[in-house]
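# Topology and contacts: notes
As a plain string of letters, each chain reads:
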Amino acid sequence: MSVEKRIFKIPVGPQHPALKEFEHFVFTVDGERVIDVGFRIGYTHRGIEKLAESKTYIQNLYLCERICGICSAAHQGCYAQTVEELADITAPPRGTYIRTLIWELERIHSHLLWLGVAAHEIGFDTLFMLVWRDREVVMDLLEMISGNRVNYAMSTIGGVRRDISDELKHKILKGLDILEERTKYYKEVCMKEQTILARAANVGILTREQALKLNAVGPTARASGVDVDLRRDDPYGAYDEVPFNVIVYDTCDVLARVLVRVDETFECINMCRWLLENLPEGDIRTKFARKIAENEVVGRVEAPRGELFYYIKSNGTDKPERLKVRTPTLANILPVCEMLKGGYIADIPIVLAGIDPCFACMDRALFIDENSEKKWVWSREQLRIYSIKWYKEHGNEVVRERWKQ
Amino acid sequence: MLSESLEVEKEIVDDFKKILGADFIDGQVQRKGRVYIKVKTDAYKKAIEHAVEKWNTYHLSTISGVDLGENIELLYHLLDPKAKITITIRTEIPKSDPKIGTVSDILPSALVYEREVYDLLGVIFTGHPDLRRLVLPEDFPEGVHPLRKEWKPEEVK
Amino acid sequence: METIELLILLLKFIVFPGAIFCIAYGFFLEWFDRKLYAKFQNRIGPLLTGPKGLLQPFADFVKLLAKEDITPVGADKLGFTLTPLLTVAVSLFTLLFIPIHSLTGVLSLPGDVLLVLFISTVFGLLIMFAGYFSGNRFSMVGTERTGLQFVGYEIPFALSVISVAAAARSLEITNIVNYQVNILGLPLIVFTPIAFAIYLISALAKLEKIPFDIPEAETEIVGGWQVEYSGKKLAFFRLATDLKMVFVSGLAAALFLGGPYGPSIPGLEPIFYTIWFIIKTLIVMFILSNLRSLFARYRIDQVVHGFWKYMVPLAVLQILIVEGLIFMGVI
């Protein structure tokens, strides 16, 4: 057999058990080794950037929240704080503190969720189940504060929507104690369990130079020894007051990404405690005029996955002229392709999961039902009937074509 | 914000004015850590190169494209995490002939962002090795770019 | 007379302790495994079908039988259809050699240890064929992995069985059981703990359970060799997996735990021996379920490396220990 014939192309996605969302990667493999990686994104493109131009600032709060389910508070908070800057108002300290608290609780929830998914990707389902059980604690806390488990709808322009009572404060502190204890245990598991070490250490290497060159963000960059954290580097919210450490590991592999996130969870827990203990008195929000004069603002937050970027331009009406979102996963897509090259097929899932991808975030801007010649919108039922008809006529050819490749 | 804390930002604006000369159109310090430099299209690449070399803004956050009606404005948001400074280089190109050179040779991460801007606003980045649509489907009609203001979502109905 | 004997033998093949008992027990073992695995993960496991979900594996099987059965265009039709049937048939056949209701299996011949070992390697081969015939890219990768893993676990598995055979100085399962019951008076695990451990670890690989579920790793290659199988064929593969569980735990009981022998009332041996068999196999399954909830999945190169570097020398060491014990007259 010639060398060329042993080279396969393995498609991963749009539907694949390792990817929890729809994305398409094509891996060129030689045996178990990955030679090249191509990606195709956009399967969950919803047209949010365009849609935002036709909605008011208040409506957009809830639209932005729905860009991503897992980092919804980061999106909404970032949008709210950017619009505040645009309108030249400042949220009262208590509002800022509560917003920061939500951000940090969300980071705990996101990192634990990630740890579970990563364990699942390497076939460690026991850890997956246990971590997700303990994640419920922080989900319950968020529900107690905001009334919602996923899209918290806490931030509003000029502050937050709900206050935290003293009684609730005690409950949160209690929940944080449980979380800290469990996270300690998981850290021990991650550092000692031989099978995890075998699968995570020295896998998916992204060197510091590559991370800098390709502008990796968030925990992915910090695991490659790049000391960058927007909470410290571009302070917003209450972060210039809260004491915290930026966690940096320099082994550049998946294990480092695990440890960065686990250690960050400890930092988050401490920050939440500090925020609750030092919660200032006062209002939780200020008034906001519906119309905003012409202006433009660049807003950034450190979402659980890395740098989340908003650029908003106003035009004097109550709707934005332009709303640009850049989510951390898009920034990490080139680094992850770099990590995958030269690795094993078996390592694809854990390396992909290593950047904590959130594809729904990545593909916002447009949604369309269109055929290039005739233009119409199909109902789902019509589409279904058409597809059944089409496959009856062409199904076999298509399948045969596919097999020939 | 206190005015004395903006010294570095002002220095950046002056520096760009000096380097770019006639190509420098406008420089603006919005607040601490936010600098906007408007340049002529010919000199935008020089400006970005200068920002990366002199001011160490190696991190390209993204490229934003804005439809201004006659023109399309491109904003390159560059960040230096250590100095906590964001320099935004902006330039306008005519909508009738939206062409601009790529910066992916200086900042490789621009590969993805340029594809996104091409996809949604139809700006052609000359020299980009693989300029395809990024997020829209393959069968989306040629030459239709939905983030342009004249395009309405109703058009597809 | 001959017809009656033949009829009894036929009943033994089909009803007890042959096909029907083994299939039913296979479903029970799957339920036991699932329930235990769920317990370790702080879940509940099967709950609704039958008491405590006892009938869930059977319900799954029936459901799969009723599902649409798709043969891909790119598959080799004959091989694709034949492999699941063969896998079930082969698993059932090996079970006839396992002593369940008495100290002898339904079938017993000189050298059947070797025969059972040989047939159990056919499991691996059949899995490779299954992947190969479906002609899917993921199946191909699964097949490659099965082949590689096969190279890893098969030798230590055989060596661990051989160390037992060496201790009993016989290559017949019945004789090995008899040796433990009548001559030694102790189960052989006392003298061959290393071989037992190696046997269990290679058995996990044989059953493709975590940490050795590499050929069907769901998150990596979407089910690997079985990705194209659906409906009846998948049902048969799942049934075969259950039967393999009975086989692996049954063989472990026979070779290491003194077979189905245990205290019993004279005259009622078949019933008591079956109960003892069930208890012993459940102990083995308990250990296997424990093991599989404790680890993450290894990578294929790590598995082959690990088996050859650690398991094979350990298995050889065990054989040497057994020989030494025989030389000193301990056993």
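Residues numbered from 1 in each chain as written. Chains lettered and ligands numbered in written order. Predicted model: local features only at pLDDT ≥ 70, side-chain atom pairs only at ≥ 80, totals over all residues. Heavy atoms only, no water.

## Comments concerning the pairing of strand β8 (residues 320–326) of chain A
All names here are of chain A. Worth spelling out the cut-off: The classification of residues rests on relative accessible area computed with a 1.4 Å probe and restricted to protein chains. Under 20% of the type maximum is buried, over 50% is exposed, and intermediate values are partly exposed. Only runs of H or I of at least four residues qualify as helices and only runs of E of at least two qualify as strands under DSSP, and these elements are numbered from the N terminus. At least two DSSP bridges between two strands are required for those strands to pair.
The buried count for β8 comes to seven of seven residues, which makes it a mostly enclosed element. The sheet contact formed by strand β7 (residues 306–314) and β8 spans six bridges and is antiparallel. Each bridged residue has a counterpart across the sheet, and for Tyr311 the counterpart in β8 is Lys324. In this antiparallel pair of consecutive strands, β7 and β8, the connection spans five residues, and Gly316 shows a positive phi of 95°.

## Some points on the side chain of C:Asp112
Residues and elements named next belong to chain C. For clarity, the threshold we go by: In this count, Lys and Arg are taken as positive residues and Asp and Glu as negative ones, while His and the chain termini are left out. Take a side-chain nitrogen of Lys or Arg and a carboxyl oxygen of Asp or Glu: if they are within 4 Å of each other, that pair is a salt bridge. For this analysis, residues touch if any pair of their heavy atoms sits within 4.5 Å.
Along the chain, Asp112 falls in helix α5 (residues 112–134). Buried within the structure, Asp112 lacks any salt-bridge partner; Lys12 is the closest side chain of opposite charge, at an N-O distance of 14 Å. Among residues more than four places away in sequence, those in contact with Asp112 are Phe97, Leu107, Leu171, Glu172 and Ile173.

## Details of the nonpolar core
Here is the rule: To define a nonpolar core, start from buried Ala, Val, Leu, Ile, Met, Phe, Trp, Tyr and Cys residues and group those joined through side-chain atoms within 4.5 Å.
Counting 158 residues, the largest nonpolar core has B:Phe16 and B:Tyr76 as the members making the most contacts within it. In this structure B:Tyr76 touches B:Tyr44, B:Ile48, B:Leu60, B:Thr62, B:Ile63, B:Ile87, B:Thr88, B:Ile89, B:Ile100, B:Val103 and B:Phe125, once residues within four positions along its chain are discounted. Residues C:Leu200, C:Leu243, C:Val248 and C:Ala315 belong to the second largest nonpolar core, which totals 91 residues.

## Brief notes about the pairing of strand β1 (residues 24–31) of chain B
The side chains of a regular strand alternate between the sheet's two faces. Relative to strand β2 (residues 34–39) of chain B, β1(B) runs antiparallel, the two sharing six bridges. Across the sheet, residue B:Phe24 finds its bridge partner in β2(B), namely B:Val39.

## Quick look at the packing of helix α6 (residues 137–168) of chain C against helix α12 (residues 300–328) of chain C
Residue and element names in this part refer to chain C. Rules: Each axis is a line fitted through C-alpha atoms, and for a helix only the stretch in contact is used; angles between axes span 0 to 180 degrees, taken between their N-to-C directions. What sets the label is the angle itself: under 35 degrees gives roughly parallel, over 145 gives roughly antiparallel, 65 to 115 gives roughly perpendicular, and the rest give oblique. Each residue gets one label: Ala, Val, Leu, Ile, Met, Phe, Trp, Tyr, Cys and Pro are nonpolar, Asp, Glu, Lys and Arg are charged, and the others, such as Gly, are polar.
In contact at an axis separation of 9 Å, α6 and α12 are set at 10° when each is read in the N-to-C sense. As judged from the angle between their axes, α6 and α12 are roughly parallel. Among the residues forming the contact of α6 with α12, the class breakdown is 21 nonpolar, four polar and two charged.

## Quick word on the interface of chain A and chain B
We count it as follows: Summed over both partners, the accessible area (1.4 Å probe) lost when two parts come together is defined as the buried area. Polar contact criterion, stated in full: a pair of N or O atoms within 3.5 Å, where within protein one must be able to donate a hydrogen and the other to accept it, and residues adjacent in sequence count only if both atoms are side-chain atoms.
The interface of chain A with chain B comprises 51 residues on the first partner and 50 residues on the second. Between chain A and chain B, the buried area comes to about 4,200 Å², and carbon and sulfur atoms account for 53% of it. When the area that chain A buries against chain B is broken down by residue, the three leading residues are A:Arg40, A:Lys50 and A:Asn215, summing to 14%. Linking chain A with chain B are five salt bridges, by the criterion used here. Here A:Glu85 and B:Arg31 are joined by a salt bridge, their closest N and O atoms 2.6 Å apart. Linking chain A to chain B there are 16 residue pairs in polar contact (both at pLDDT 80 or more). Grouping the amino acids of the side of chain A that touches chain B by side-chain chemistry returns 22 nonpolar, six polar and 23 charged.

## Description of the confidence of the model for chain C
As a reminder of what qualifies: Confidence of the prediction at every residue is given by pLDDT, a number between 0 and 100.
Mean pLDDT over chain C: 86, with 98% of residues reaching 70 or higher. For chain C, the element scoring lowest by mean pLDDT is helix α9 (residues 218–221) of chain C, at 66; helix α3 (residues 56–66) of chain C scores highest, at 91.

## Quick word on the sheet that holds strand β3 (residues 59–67) of chain B
All names here are of chain B. Reading across from one edge, β1-β2-β5-β4-β3 is the order of the five strands in this open sheet, with mixed pairing throughout. Sheet topology places β1 and β3 at the edges, where each strand pairs with a single neighbour. Each neighbouring strand pair of the sheet contributes to a mean axis angle of 20°, computed without reference to strand direction. Direction of pairing for β3 relative to strand β4 (residues 71–80): antiparallel, over a ladder of eight bridges. Within the sheet, the bridge partner assigned to Thr62 lies in β4 and is His77. Along the sheet face, helix α3 (residues 110–121) touches β3 and β4 and points at about 10° away from the line of β3.

## Some words on the side chain of C:Lys280
All names here are of chain C. Within the secondary structure, Lys280 is located in helix α11 (residues 269–294). Here Lys280 occupies a buried position and makes no salt bridge, while the nearest side chain of opposite charge, Glu269, is found at 14 Å. Among the polar contacts made by the side chain of Lys280, one reaches the main-chain carbonyl oxygen of Tyr261 at a distance of 2.8 Å.

## A short note on the pattern of salt bridges
A full pass over the atoms with the stated rule returns 43 salt bridges over all chains. Ionic pairing is found between C:Arg34 and C:Glu30, a salt bridge with its closest N-O pair at 3.1 Å. Separated by four residues within a single helix, C:Arg34 and C:Glu30 lie in helix α2 (residues 19–40), roughly one turn from each other. The exposure class of C:Glu30 is buried, given its relative accessible area of 8%. One salt-bridge network, in which partners are shared between bridges, spans A:Glu104, A:Arg107, A:Arg222, A:Asp229, A:Arg231, A:Glu264 and A:Glu302.

## Brief notes about the environment of A:Asp263
All names here are of chain A. You can see Asp263 is positioned in helix α11 (residues 254–277). Relative accessible area serves as the criterion here: at 10%, Asp263 is assigned to the buried category. Along the primary structure Asp263 and Ala198 are separated by 65 residues, whereas in three dimensions their C-alpha atoms are 20 Å apart. Apart from the residues lying within four places of it in its own chain, the contact partners of Asp263 are Lys187, Ile247 and Tyr249.

## Here's the deal with the packing of aromatic side chains
We count it as follows: For this analysis, a ring pair means two rings from Phe, Tyr or Trp (six-membered ring only for Trp) whose centres lie within 6.5 Å, classed as stacked if their planes differ by under 30 degrees, edge-to-face if by over 60, and tilted for the remaining angles. Look at NZ for Lys and CZ for Arg. If either is within 6 Å of the ring centre and within 35 degrees of the ring normal, a charge sits over the ring.
Considering all chains together, one arrives at 30 aromatic pairs over all chains under this definition. Here A:Tyr97 and A:Trp274 contribute two aromatic rings whose centre-to-centre distance is 6.2 Å and whose plane-to-plane angle is 25°, an arrangement assigned as stacked. With A:Tyr97 in helix α4 (residues 93–121) and A:Trp274 in helix α11, this pair connects stretches of sequence that are 177 residues apart. Since its relative accessible area comes to 24%, A:Trp274 is described here as partly exposed. Clustering of aromatic rings is evident, with ring pairs tying together C:Phe21, C:Tyr25, C:Phe28, C:Trp31 and C:Phe277. For C:Lys244, the ring lying beneath its charged end belongs to C:Phe123, and the centroid distance is 5.2 Å. Above the face of the C:Tyr37 ring, C:Arg292 is positioned so that its terminal group lies 3.8 Å from the ring centre.

## Describing the arrangement of the chains
By number of contacts, the leading pair among the two pairs of chains in contact is chains A and B. Note that chain B does not reach chain C: the shortest distance linking a C-alpha of one to a C-alpha of the other is 25 Å.

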